[in-house]
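Overview (structure and organization)
Residue strings, one per chain:
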Amino acid sequence: MTGYFIQAFIYLFAAVIAVPIAKRLGLGSVLGYLIAGVVIGPVIGLVGSETATIQHFAEFGVVMMLFLVGLELEPRMLWDMRHRLIGLGGLQVGLTTAAVMGICLALNLDWGLALTIGLIFSLSSTAIVLQTFNEKGLTKTEGARSAFSVLLFQDIAVIPMLALIPLLAIPELVEQAQNAVQAASNQHEELSLVANISGVYYALVIIVAITGVVVGGHYLSRPLFKFVASSKVQEIFTATSLMLVIGIAAIMNLVGLSPALGAFLAGVVLATSEFRHQLEATIEPFKGLLLGLFFMTVGAGINFTILLNETSTIFSITLTLMLVKGLVLLILTLVFKIKGSDRWLLALSLAQAGEFGFVLIGFTVNNHVLPTDLAQTLSLSVALSMFLTPALFIFYDRIILPRDIDKTNQQESDNID
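Cut-off values and rules
Position labels on residues start from 1 in each chain and follow its written sequence. Totals for whole chains, interfaces and linings use every residue, but because this is a predicted model, local features are given only for residues with pLDDT of at least 70 and side-chain atom pairs only at 80 or more, for both listing and counting. With hydrogens and water excluded, all non-hydrogen atoms of the structure serve as input to the side-chain values. Note on method: axes are straight lines fitted to C-alpha atoms, helices fitted across the in-contact stretch only, with angles between N-to-C directions ranging 0 to 180 degrees. A run of DSSP states H or I qualifies as a helix once it reaches four residues; a run of E qualifies as a strand once it reaches two. Both are numbered from the N-terminal end. Put simply, a crossing is left-handed when the front helix is turned counterclockwise from the back one by less than a right angle, and right-handed when it is turned clockwise. Contacts between residues were defined by any pair of non-hydrogen atoms, one from each residue, lying within 4.5 Å. Each residue gets one of three labels, nonpolar for Ala, Val, Leu, Ile, Met, Phe, Trp, Tyr, Cys and Pro, charged for Asp, Glu, Lys and Arg, and polar for the others, Gly among them. Each residue is assigned to one of three classes by its accessible area relative to the maximum for its type, calculated with a 1.4 Å probe on protein chains only: buried under 20%, partly exposed between the two thresholds, exposed over 50%. Note on aromatic contacts: the rings of Phe and Tyr and the six-membered ring of Trp form a pair at centre separations within 6.5 Å, being stacked when their planes are under 30 degrees apart, edge-to-face when over 60 apart, and tilted otherwise. One side-chain nitrogen of Lys or Arg within 4 Å of one carboxyl oxygen of Asp or Glu is enough to make a salt bridge.

1. Details of the packing of helix H9 (residues 142-164) against helix H19 (residues 340-349)
Here H9 crosses H19 at 35 degrees, and the two axes come no closer than 7 Å. With respect to the hand of their crossing, H9 and H19 are arranged in right-handed fashion. Counting all contacts with H9, which are made through Glu-142, Gly-143, Ala-144, Ser-146 and Ala-147, the residues of H19 involved are Asp-342, Leu-345, Leu-346 and Ser-349. Here the contact of H9 with H19 is built from residues that sort into four nonpolar, three polar and two charged.

2. Some words on unusual backbone geometry
With phi around 70 degrees, Asn-108 is a residue other than glycine that occupies positive phi space. The residue Asn-108 is located in the loop between helix H6 (82-106) and helix H7 (111-121) in this model. Asn-108 gets classed as exposed once you look at its relative accessible area, which sits at 71%. Its identity is not glycine, yet Lys-337 carries a phi of approximately 60 degrees, on the positive side. Mapped onto the secondary structure, Lys-337 falls in the loop between helix H18 (311-335) and H19.

3. Quick notes on the packing of aromatic side chains
Within a pair of aromatic rings, the relevant descriptors are the distance that separates the centres and the angle that separates the planes. Going through the model one piece at a time under the given rule, you end up with eight aromatic pairs. Considering the side-chain rings of Phe-9 and Phe-13, the 5.8 Å spacing of their centres and the 20 degrees angle between planes classify their relative orientation as stacked. Of this pair, Phe-9 and Phe-13 both sit in helix H1 (residues 2-24), four residues apart, which is roughly one turn of the helix. What makes Phe-13 partly exposed here is its relative accessible area of 49%. Measuring from centroid to centroid gives 5.9 Å for Phe-133 and Phe-393, while their planes differ by 85 degrees, and the two rings are edge-to-face. Of this pair, Phe-133 sits in helix H8 (residues 126-136) while Phe-393 is found in helix H21 (residues 372-409), placing the two residues 260 residues apart along the sequence. Take Phe-133 and Phe-393: they sit in the same class, and that class is buried.

4. So, the environment of Leu-224
Along the chain, Leu-224 falls in helix H13 (residues 221-229). We classify Leu-224 as partly exposed; its relative accessible area is 33%. Separated by 35 residues in the primary sequence, Leu-224 and Pro-259 have C-alpha atoms spaced 22 Å apart.

5. Some details on the pattern of salt bridges
When charged atoms on two side chains of opposite charge get close, those side chains can pair. Under the definition given, this model contains six salt bridges. With a closest N to O distance of 3.9 Å, Arg-222 and Glu-274 form a salt bridge. Separated by 52 residues along the polypeptide, Arg-222 in helix H13 and Glu-274 in the loop between helix H15 (259-269) and helix H16 (276-300) bring together distant segments of the chain. Among the residues examined, Arg-222 registers a relative accessible area of 17% and is labelled buried. Across the pair Lys-287 and Glu-284 runs a salt bridge, and its minimum N-O distance is 3.0 Å. In this pair, Lys-287 and Glu-284 both sit in helix H16, three residues apart, roughly one turn of the helix. Given a relative accessible area of 39%, Glu-284 falls into the partly exposed group. Each of the salt bridges in this network shares a partner with another, and the network as a whole consists of Arg-222, Lys-226 and Glu-274.

What follows is the structure, given as structure tokens:
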């Protein structure tokens, strides 16, 4: 028990020191959390092997964040943004995947590896981007709304990616895994309702799960919250709110779907509820702490040994990734007529890889699609691109936005006879 207290104190102390300093320097809280993680992890070594386990727990902050985002969106508003959601989001994922895959094929990688890397790198960081938008007051801008449409489509696209990736398994890696089956036979297996079914039955289970979340959220949540609110005990309402989000995440995991997507759907269903504001006030502190912990684990999980041994390779992959995604997004801003500083906000905010990249990389290793050494290199590139994202927002604040404001304030000379 003492060890848990010490670890918790280390993480909290690092956050308390680093985040206020980062905010005063204009770097944003996200970069503060990342720097704190690097300091207590690779630099000082106060935390180590438990980082990956804590990261899985901290990813629940992303689930809570999307639940809160869903609470801000009524179904009618979501329907109104369908063109940006499918058009802009779909083209971003498709074009980025194709561009990355083309680069990988040019480097003589197998097409299955190239496609897998393209899918991993097509995703951006929902946690970093939405958190930074909220901090900087950019949520209502055209660029931020377009970025949210892309992020939402990416979260939905994770589902077919998880279905496709196992089909790309490398025979040699499968054979190696089969040789190690006996040694791994005693390991704990994660609960799943779809482990041994496929085809029509799998689709039916998914439909039932999503329908249950939507219908249950609409018809059952209101009587439940009214019953709990009648007790006038604040901590029970807090427990009910957490129970709702955790339950939805568990259901989505059991059927092989993204917990974040399920939480978002539940949030949209509850957006018209009279308990919406109370739910937001209850969940917000947990979301903030877990997201901060997630960013710290990203920083603490950077393996400096591999980074130093393959510095040029990792930096080349990271910079190429961010350049390709930025160019794709800039091209799409022309197609969808996003102008001014909003086009740069969209391109710069989504140029990184995302937290779901870690999920997909682990999934590819478990399904024998990527070799372990390549997966470690890609993980470092994903982490480094997330680490560089706050710098892109600083560039937007200090270079792009002032120029756009100056252009807006310029008036044409009066025509005097």
